[in-house]
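So the chains spell out like this:
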Amino acid sequence: MPEDSEDIATATAAGERPDAYTDAHTDAPPETPEAVPGLAAADSLFARLRHACWPEWHAYLDHPFVRRMADGSLRQECFRHYMGQDYLFLIHFARAYALGVFKSESLEDMRRMGAGMAAILDEMGLHVRYCQSWGLSPEDLERLPESKATMAYTRYVLERGLAGDLLDLVVALSPCIIGYAEIGARLIDGIDDDHPYGAWIREYGGAGYRQVARDAVETMDRLMVERGGPGRMPGLVDTFRQATRLEADFWQMGLTLAD
Ligand SMILES: Cc1ncc(CN)c(N)n1
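Residues numbered from 1 in each chain as written. Predicted model: local features only at pLDDT ≥ 70, side-chain atom pairs only at ≥ 80, totals over all residues. Heavy atoms only, no water.

As a further point, take empty space enclosed by the protein. Gaps between atoms show up when a probe of the same size as a water molecule is rolled over them. Evaluation of the coordinates by the stated rule reveals two cavities of 30 Å³ or more. Taken together, D86, F89, L90, E123, C176, Y180, E247 and F250 form the lining of the largest cavity. The set of elements that each furnish at least two residues to the lining of the largest cavity consists of α5 (76-103), α9 (166-187) and α12 (233-256). Per-element tally for the lining of the largest cavity: the top contributor is α5, with three residues. Grouping the amino acids of the lining of the largest cavity by side-chain chemistry returns five nonpolar, no polar and three charged. In this structure, the second largest cavity encloses a volume near 30 Å³. As for the second largest cavity, its lining consists of Y97, G116, A119, I120, E123, I177, Y209 and V212. For the lining of the second largest cavity, the element with the highest residue contribution is helix α6 (residues 107-133), accounting for four residues. (1 Å grid on protein atoms, 1.4 Å probe; cavity = no way out; pocket = protein on both sides within 12 Å on 5 of 7 lines; lining within 4 Å. Points joined across faces, edges and corners; volume = space filled by probe spheres on them. Helix = DSSP H or I, 4+ residues; strand = E, 2+ residues; numbered from the N terminus. Nonpolar A, V, L, I, M, F, W, Y, C, P; charged D, E, K, R; others polar.)

Written out as structure tokens, the structure is:
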């Protein structure tokens, strides 16, 4: 997690910056599931779901919001709107992890879900620091009206968790947790000290967040062994696809300042 609040205070929408994201993602789907370097093995459940939903995954990871954040050309207004909504989003995601504790059938799963909730609450420190640099308090953030994209995504995940079992819930959560680690890993390469979105990139591209994502990959695999079977795959793919589409919609909400 970045300690450097100057990093945050200088996060203004800069002009032209070198494009650090040009070879980030190809839209040609790989023939078989691929490993995600540093995050997931090719035969992991996450890699298989990512492969099954390749067009949606590509649209999420390579969204114009991400490209503009990478090259520094994203308008600060868009970033602020996104960060405010993301604060509300994370409150609901913390609730979803708490639901995961409730749905757990072993102490191991309870601990994992509890640790996931703690990681989400820690992540909100990034949002608080950014918003403080813009003169906003955490209370101001909590009072923001929730956008339709925030509501749609968070309620979808909570509903999957309520209607399904813990495996359904962790699959619904996975594009959020693991997708940002994949994006962060791509953006952090060669990033300048004065990058306008450096604090965000260092948060999601850093070792701490990568470990959170690795833990999520491992939990998914373990639950798939315990509760999965070939009959589960179509439903899990559907959940993963919907959550991934809702991630892309969330970027779009930031980019268009949608309410
Ligand atoms: C919308 C969204 N997706 C994912 C993350 C990373 N936990 C996030 N903060 N916001």
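Picking up after the structure, the text goes on.
A few words on the site of the ligand. The local shell around the ligand consists of D86, F89, L90, E123, C176, Y180, Y204, Y209, E247 and F250. Between the ligand and E123, the relevant distance is 2.7 Å, taken from a nitrogen atom to a side-chain nitrogen or oxygen of the residue. Between Y180 and the ligand, the recorded distance is 3.4 Å, taken from a side-chain N or O atom to a nitrogen atom. When each cavity is represented as a set of grid points, the ligand is found to reside in the largest cavity. (Near = heavy atom within 4 Å. Polar contact = N/O pair within 3.5 Å; in protein donor to acceptor, adjacent residues only side chain to side chain. Sits in = over half its atoms within 2 Å of the grid points.)

This part takes up the packing of α5 against helix α8 (residues 148-163). When two helices pack together, their arrangement is given by the angle between their axes and by how far apart the axes lie. Close contact between α5 and α8 brings their axes to 10 Å; oriented N to C, the two are set at 0°. Comparing the axis directions of α5 and α8 gives the class roughly parallel. Each of Q85, L88, F89, H92, F93, R95, A96, L99 and K103 in α5 lies in contact with α8, whose residues at this interface are T150, Y153, T154, R155, V157, L158, G161 and L162. When the residues that make up the contact of α5 with α8 are grouped by side-chain class, the tally is nine nonpolar, five polar and three charged. (Axes fitted to C-alpha atoms, helices over the stretch in contact; angles between N-to-C directions. Parallel < 35°, antiparallel > 145°, perpendicular 65-115°, else oblique. Contact = heavy atoms within 4.5 Å.)

Moving on to unusual backbone geometry. Even without a glycine there, the phi angle at L257 is positive, about 60°. Topologically, L257 is positioned in the segment after α12.

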